There are 4 protein chains.
Amino acid sequence: MKVDVSIVGATGYAGSELLRILVSHPYVRHITAASHSHVGKQFSSQYPNLRYIYDEQCAASRIPELAASSDVLFLSLPHGIATTELTASVIDRCKVIDLSADFRMKDADVYEKWYKTDHGGRAILEQAVYGLCELHRCEIARAAFIANPGCYTTCSILTLAPLLQAHLIDERSIIIDAKSGVSGAGRNEKLDSLFCECNETIKAYGVGTHRHIPEIEEQLSMVAGKNITVSFAAHLVPMNRGILATCYANLAPHADAKAIDAAFKDSYGNERFIRLLGNGVLPETRWVKGSNFCDIGYVLDTRNSRIVVCGAIDNLVKGAAGQAVQNMNIVCGFAEDCGLEAIPAFPM
Amino acid sequence: MKVDVSIVGATGYAGSELLRILVSHPYVRHITAASHSHVGKQFSSQYPNLRYIYDEQCAASRIPELAASSDVLFLSLPHGIATTELTASVIDRCKVIDLSADFRMKDADVYEKWYKTDHGGRAILEQAVYGLCELHRCEIARAAFIANPGCYTTCSILTLAPLLQAHLIDERSIIIDAKSGVSGAGRNEKLDSLFCECNETIKAYGVGTHRHIPEIEEQLSMVAGKNITVSFAAHLVPMNRGILATCYANLAPHADAKAIDAAFKDSYGNERFIRLLGNGVLPETRWVKGSNFCDIGYVLDTRNSRIVVCGAIDNLVKGAAGQAVQNMNIVCGFAEDCGLEAIPAFPM
Amino acid sequence: MKVDVSIVGATGYAGSELLRILVSHPYVRHITAASHSHVGKQFSSQYPNLRYIYDEQCAASRIPELAASSDVLFLSLPHGIATTELTASVIDRCKVIDLSADFRMKDADVYEKWYKTDHGGRAILEQAVYGLCELHRCEIARAAFIANPGCYTTCSILTLAPLLQAHLIDERSIIIDAKSGVSGAGRNEKLDSLFCECNETIKAYGVGTHRHIPEIEEQLSMVAGKNITVSFAAHLVPMNRGILATCYANLAPHADAKAIDAAFKDSYGNERFIRLLGNGVLPETRWVKGSNFCDIGYVLDTRNSRIVVCGAIDNLVKGAAGQAVQNMNIVCGFAEDCGLEAIPAFPM
Amino acid sequence: MKVDVSIVGATGYAGSELLRILVSHPYVRHITAASHSHVGKQFSSQYPNLRYIYDEQCAASRIPELAASSDVLFLSLPHGIATTELTASVIDRCKVIDLSADFRMKDADVYEKWYKTDHGGRAILEQAVYGLCELHRCEIARAAFIANPGCYTTCSILTLAPLLQAHLIDERSIIIDAKSGVSGAGRNEKLDSLFCECNETIKAYGVGTHRHIPEIEEQLSMVAGKNITVSFAAHLVPMNRGILATCYANLAPHADAKAIDAAFKDSYGNERFIRLLGNGVLPETRWVKGSNFCDIGYVLDTRNSRIVVCGAIDNLVKGAAGQAVQNMNIVCGFAEDCGLEAIPAFPM
């Protein structure tokens, strides 16, 4: 009952985190780490944290061949590549979990508008299931092809969905002020990601234009049963990991702490990876760092009839690799927390 | 035409920054650094950055005596002390610039409610002028007693005031998501300020309850000509200095980029310390670090008919010591940027 | 075959890290977390990373009673307490693993000189086995009472021991320039540990006087078979975790890369937690963060006939809690890496 | 009596810091900022800290033309370029201060060996004066062409020179364990300089091979009057700025604190930019950050008859741009601290 898996794009931050988690997974037998730029090099020469642990060479990124030899194929590539390289025959051969944005939105036109590129994979788009485990567990279990959500989106949607589902907030009033650590930018040699450019500063970016916006809006619209738009501002914080989403919304007339607590409990009362902090306790990214947890808490701003609700995740775990493994667990019938039992360490 | 100055509370972060600026001020003759806990010790033993530069001993914090021998008296104390120690006779003797919150709000009841302490200084409260230089320059010039604004408040008010003055936003819709470096917490031995507790994490705090809220609301209400309440969430960012205020508001029907630019130019077109970045360019705290600048820029979130307007300051300079010196310059008739010419350094 | 354990001083950084590791340990049944200052409070209120995972209340720090109900008793207290509170009867009742410095040195006079305090535990000092697993595994297996080594010492001794054992360096020429993250200072409300005092700076401290010096010297002297003194300088680095020991020594005439590699392989060739990087590859703390690994590599400075050999550990894991669990595993007969399988994550 | 200056390579970290200092310099009239990659772009678009302050466009890097129109020409280029582009006619036209390594060593063969490239500028090498102001002030005053020292070298040489000059240490025993902030790596899009690769870790690099070694050795040999080699290990510290050099040496038989203090006082007693902390007080980089100071202190490791002497500078100021301006001041006959009066700010 063990599976063989492949990771395409294993030498990125999300890919390598995925490899690290899978190496300890009790039901994973063999792992192939494929890379575009490091083929033939020892994986641990790029990620010496894995010295002695995973010293195999990087394979080439030939998706069809990897699919043929894998039970589960993870794609951790820049957006746009999977739309052309992923085909129906690949999906037929093995379970595919795509960490890119390419198949997250149902509407390819929306993708093309926000990503400013053609969507070459319209033929298979319908088969993709949006892999936000807590919202779509049943569909994921039956899926062959899972679009793993983005980091900002996972955090924002999990934080807001119960309030929309229970009609406790005015859906036209949602503002998401999100903050992320720098690993979200990936292992790319960009000026903006240099230590001295990120350290000792904070900035907003992608305000109103961030590509995670349509993903958030599509999911929240499904939850609310009507079209929703949100104001979204991303911020870069001088830390390695972590996302904090501070969400603001006007309260519905009947909304109070009791109703809000009930809504969260209804949605997440049995969730392994969501920790509800309740009224008056707010999450911090340090308490989830290194784990698959999403911590959620809120404060009632009664003077303004608003709620301020915050969610915190580790962007590389629940926001990427951890959720990908959670999706694998669901789709393969493993216990949902297999390989994901890591407890947040502090200080870390 | 030179002045003698005293700083009470000189060994805090704001007090020592004030001392550092004043040491280079062309019109300051003698500086007395008074401290509660370090009397008789060399100031530079606490702040070795000032070795060779200011090696005098710390004086005792006797406000009446310091007032008698000073032209300008700066108070950089925890809130509550000045309400009892500051008297009419002190204000008669010298110009007083109080960096605490004690005399910032016109209404002592509001102070007592938010600070949960008695206001012992009601007798002199009326004489206090709110020292936000760009808004109250004329009153400051005639004042004997100046209440220097808070760090979050300076940044938030400067960022939003022109929009309210020009009626370009719905004043009931204001949300301020503010982020601060750790120096804002002062040089106090608190668990929450330890390196390992602040580093590699971000959290919200004081949501709806932060003591800078009534100060922001009072000033914005004066600007708008009607009572305003705002939603305010402070966040702690793992960096030494800097405040970024990300402000959200619904646009008035007639508000567009042209009107917004005009409003900012009307308010700040001639301001030495405000840099307007305009539409589509957002400030970052690194670009103002170490300076008295406030950088302001905005983005129109047209999909939601909102504006996202951001301000950035150095919390210890424009948010505390720098503005205190700016106030001294105004009240003493010096050029407003005397001693405040420092250019932000980068990377810093 | 499962054990019940107690941790005295569980709310410190080392104690809480120990708890975190033990919570996932397959052979640990029940854990009692005892604390001096938080008795009766939920442990996870102090360490919310453990919310939902370990929500028990903190017990009182009554060592005799805890000993009576425990198979293994961990002490994670400031130095000096265990010398008086730890008695022969406690050691008779259960295995004791002391993370303090109190019983690390064989000579109580040396302890008293460096720690400037009386050693109240001379009666039981002889029973203590120095718990540096890789050097004293056999004695540890038979011990009832283990003195867990310090963080700087673990890293320094592991890095240098093979070279001394094989007589490849001049033992009078050893210089250890060690660097540590801030968590080494513990969760104490000290001015020097504040974020703004540690961030964006580096300093040397404890040069020639650090209390880990006699511990390093005693162990290295045992290895070398003669009395050794070393020059040691500690440095504080603005990061949460990690120790890097950069060690310099004059090479013995016959020492070359081949002999050095052989010496390291002889000493550590079969060690689970030591990764040898060899000639020309130097360790970095990021690659061991969160794990029990010690990475060691070296460079030959042939122009000066010296070796520069570096070791890197996570100060809270191999330098404290991880090694304590490794000691428990040895003394209890568990596989040595039980509960210690965590792979370093990156970026973390 | 004012000068016109040009900076070639103004958009690097050192170049922009130089520009920032020169903008406030009382005797600098016009500044031309030349850049290879940003010609025609507004300088402040690359360095928004200089918005409103220096908004001129970047000029082309044509050295002969810039020399013709400048009194002082600063070169802040990667090593190797100046060896070919700098000619005798350029040096004839204006004072040249080269921040690269190209003309720092008297022996072009040594340069070629360590930098692994041809030295194309042998014809003018003899004219270059090594611009370590405190050691070569008189020659600098008469020079037309100054080779501005490296950051590690400035710190190391200033820290050790007085001890060698006074014959207080064994010159064969010198070990320099140096630590630097990340800005030393420049504004280059390199994987190793990414935030997530540098943050929360420390590593040694360039051990025994760092290119600053021959520069240190040449200068120290001149001071000592005999050939000296040193062991040198550089370390990368997760901070923006600062260099700390921890230097170890065996004491000469007659060396004691009195002799050491005298040696430092003899060398630096009248130096504006060197602060002597004396016996038992060690420098920290935070206390010099943003200034041209070099702080030096030491500890006697009497158990080992060694001295541990530490120096701290800001790598971009005294280690680059500040010293370049100091050199300009000397060569132009300005007061040596013109434009360099900045006091270190803290916390910064």
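Heads up: these notes are all about the structure in this document.

What counts, and at which threshold
- Residues numbered from 1 in each chain as written.
- Chains lettered and ligands numbered in written order.
- Predicted model: local features only at pLDDT ≥ 70, side-chain atom pairs only at ≥ 80, totals over all residues.
- Heavy atoms only, no water.
- Helix = DSSP H or I, 4+ residues; strand = E, 2+ residues; numbered from the N terminus.
- Buried < 20%, exposed > 50% of the residue type's maximum accessible area, 1.4 Å probe, protein only.
- Contact = heavy atoms within 4.5 Å.
- Areas by Shrake-Rupley, 256 points an atom, 1.4 Å probe, with all protein chains shown as cover.
- Lys, Arg positive; Asp, Glu negative; His and termini not counted.
- Charge placed at Lys NZ, Arg CZ, Asp CG, Glu CD.
- Least-squares fit on C-alpha atoms with pLDDT ≥ 70 in both.
- Salt bridge = Lys/Arg side-chain N within 4 Å of Asp/Glu carboxyl O.
- Patch = residues over 30% accessible without salt bridge, like charges linked within 9 Å, V, L, I, M, F, W, Y side chains within 5 Å.
- Buried area = accessible area lost by both parts, 1.4 Å probe.
- Phe/Tyr/Trp six-rings, centres within 6.5 Å; stacked < 30°, edge-to-face > 60°.
- Lys NZ or Arg CZ within 6 Å of the ring centre and 35° of its normal.
- Pairing = 2+ DSSP bridges.
- Right-handed = clockwise from strand over helix to strand, strands pointing away.
- Axes fitted to C-alpha atoms, helices over the stretch in contact; angles between N-to-C directions.
- Parallel < 35°, antiparallel > 145°, perpendicular 65-115°, else oblique.
- Left-handed = near helix turned anticlockwise from the far one by under 90°.
- Nonpolar A, V, L, I, M, F, W, Y, C, P; charged D, E, K, R; others polar.
- Polar contact = N/O pair within 3.5 Å; in protein donor to acceptor, adjacent residues only side chain to side chain.

What follows is about the overall build of chain A. Helix and strand counts for chain A stand at 13 helices and 13 strands. Its C-alpha atoms put chain A at 60 × 45 × 40 Å along the principal axes. Looking at chain A as a whole, 67% of its 348 residues are labelled buried. Sequence separation of 24 or more characterises 69% of the internal contacts of chain A that already satisfy a separation of 6 or more. Counting only carbon and sulfur atoms, one obtains 49% of the accessible surface of chain A, whose full area is about 11,100 Å². Treating the 32 positive side-chain charges of chain A as one cloud and the 38 negative ones as another, the clouds have centres 3 Å apart.

What follows is about the relation of the copies chain B and chain A. Superposition of chain B onto chain A requires a rotation of 180° combined with a translation of 0.0 Å along the rotation axis, giving an RMSD of 0.0 Å. The superposition operator between the copies reduces to a two-fold rotation axis.

Once that is clear, we can look at the pattern of salt bridges. Here the structure, examined in full by the defined rule, presents 92 salt bridges over all chains. Across the pair A:R122 and A:D109 runs a salt bridge whose closest N-O atoms are separated by 2.8 Å. Here A:D109 lies in helix 6 (residues 108-115) and A:R122 lies in helix 7 (residues 122-125), a separation of 13 residues in the sequence. A salt bridge links B:R241 to B:D314, with the shortest nitrogen-to-oxygen separation between them at 3.1 Å. A residue pair is termed long-range when its members are at least 10 positions apart, and B:R241 in the loop between strand 9 (231-236) and strand 10 (243-250) and B:D314 in the loop between strand 13 (306-313) and helix 13 (317-332) qualify at 73 residues. Like B:D314, B:R241 is buried.

Let us look at a negative patch on the surface. Taken together, A:E189, A:D192, D:E189 and D:D192 make up a surface patch of like negative charges. Assessed through its relative accessible area of 45%, D:D192 is described here as partly exposed.

In this section: the relation of the copies chain D and chain B. With an axial shift of 0.0 Å and an RMSD of 0.0 Å, the rotation relating chain D to chain B amounts to 180°. With an isologous cut-off of 70% or more, the 100% of interface residues of chain D that recur at the interface of chain B puts this contact in the isologous class.

Time to look at the interface of chain D and chain B. Facing 37 residues of chain D, the contacting portion of chain B comprises 37 residues. Carbon and sulfur atoms supply 61% of the area that chain D and chain B bury against each other, a total of about 3,200 Å² over both sides. When residues of chain D are sorted by the area they lose upon contact with chain B, D:R51, D:I343 and D:M348 head the list and together hold 23% of the total. Between chain D and chain B we count 2 salt bridges in total.

Describing an aromatic ring pair means giving the distance of the ring centres and the angle of the ring planes. Within the structure shown, the criterion is met by 50 aromatic pairs over all chains. When the centroid spacing of 6.0 Å and the interplanar angle of 75° are considered together, the rings of A:Y13 and C:F346 count as edge-to-face. Of the two residues, A:Y13 sits in helix 1 (residues 13-23) while C:F346 sits in the segment after helix 13 (317-332), which places them in two different chains. Summarising the burial analysis for this pair, A:Y13 and C:F346 share the class buried. Connected via pairs of aromatic rings, a cluster forms that spans A:Y13, A:F43, A:Y47, A:Y54, C:W287 and C:F346. Above the face of the A:Y47 ring, A:R187 is positioned so that its terminal group lies 4.2 Å from the ring centre. Lying over the aromatic face of B:F293, B:R275 brings its terminal NZ or CZ to 4.1 Å of the ring centre.

In this section: the pairing of strand 1 (residues 3-8) of chain C. Residue and element names in this part refer to chain C. Among the 6 residues in strand 1, 6 count as buried, and that is most of the element. The pairing of strand 1 with strand 2 (residues 28-34) spans 5 bridges and is parallel. Paired with V5 across the strands is I31, a residue of strand 2. Each parallel crossover has a hand, and the one from strand 1 via helix 1 (residues 13-23) to strand 2 is right-handed.

Residues and elements named next belong to chain D. Close contact between helix 1 (residues 13-23) and helix 13 (residues 317-332) brings their axes to 9 Å; oriented N to C, the two are set at 45°. Accordingly, the angle class assigned to the pair helix 1 and helix 13 is oblique. In terms of crossing hand, the pair formed by helix 1 and helix 13 is right-handed. Where helix 1 abuts helix 13, its residues A14, E17, L18, I21 and L22 lie against V317, A320, A321, G322, A324, V325 and M328. Looking at the contact of helix 1 with helix 13 residue by residue, the class counts come to 10 nonpolar, 1 polar and 1 charged.

For the rest of this paragraph, the subject is the interface of chain B and chain A. Listed per partner, the contact involves 48 residues of chain B and 48 residues of chain A. Here chain B and chain A share an interface that buries about 4,000 Å² over both sides, 52% of which is from carbon and sulfur atoms. Of all residues in chain B, B:E200, B:I202 and B:R303 bury the most surface against chain A, accounting for 18% of the area lost on that side. At the boundary of chain B and chain A, one finds 8 salt bridges. Its salt-bridge partner being B:K289, residue A:E200 comes within 3.6 Å of it at the nearest N-O pair. Our enumeration of links across chain B and chain A arrives at 30 residue pairs in polar contact (both at pLDDT 80 or more). For the side of chain B that touches chain A, the per-class residue count stands at 24 nonpolar, 10 polar and 14 charged.

Residue and element names in this part refer to chain C. Read from one edge of the open sheet, 7 strands run 8-9-7-10-13-12-11, paired in mixed fashion. Of all the strands in the sheet, just strand 8 (203-205) and strand 11 (274-279) have a single pairing partner and so form its edges. The sheet shows a mean angle of 20° between the axes of neighbouring strands, direction not considered. Packed onto the sheet, helix 9 (residues 151-165) meets strand 7 (175-180), strand 8, strand 9 (231-236), strand 10 (243-250), strand 11, strand 12 (294-301) and strand 13 (306-313) and runs at close to 140° relative to strand 13.

This part covers the environment of D:E189. In this structure, D:E189 sits in the loop between strand 7 (175-180) and helix 10 (195-198). On the basis of relative accessibility, which here comes to 46%, the residue D:E189 falls in the partly exposed class. Setting aside anything within four residues of it in sequence, one finds D:E189 in contact with A:E189, A:K190, A:L191 and A:L194.

Quick look at the sheet that holds strand 4 (residues 95-98) of chain A now. All names here are of chain A. As summarised here, the arrangement of the 6 strands in space is 2-1-3-4-6-5, forming an open sheet in which the pairing is parallel. Sheet topology places strand 2 (28-34) and strand 5 (129-130) at the edges, where each strand pairs with a single neighbour. In terms of strand pairing, strand 1 (residues 3-8) meets strand 3 (residues 72-75) through 4 bridges, oriented parallel. By the bridge assignment, I7 is partnered in strand 3 with F74.

Glancing now at the pairing of strand 13 of chain B. Residue and element names in this part refer to chain B. Strand 13 sits mainly inside the fold: 8 of its 8 residues count as buried. As judged from the 8 bridges shared by strand 10 and strand 13, these two strands associate in the antiparallel manner. By the bridge assignment for strand 13, T246 is matched with C310. Looking at chain direction, strand 12 (residues 294-301) and strand 13 are connected through 8 bridges and run antiparallel. Each residue of the ladder has a partner; that of V299, found in strand 13, is V308. Between strand 12 and strand 13, which pair antiparallel one after the other, the connecting turn spans 4 residues, and S305 there sits at a positive phi close to 55°.

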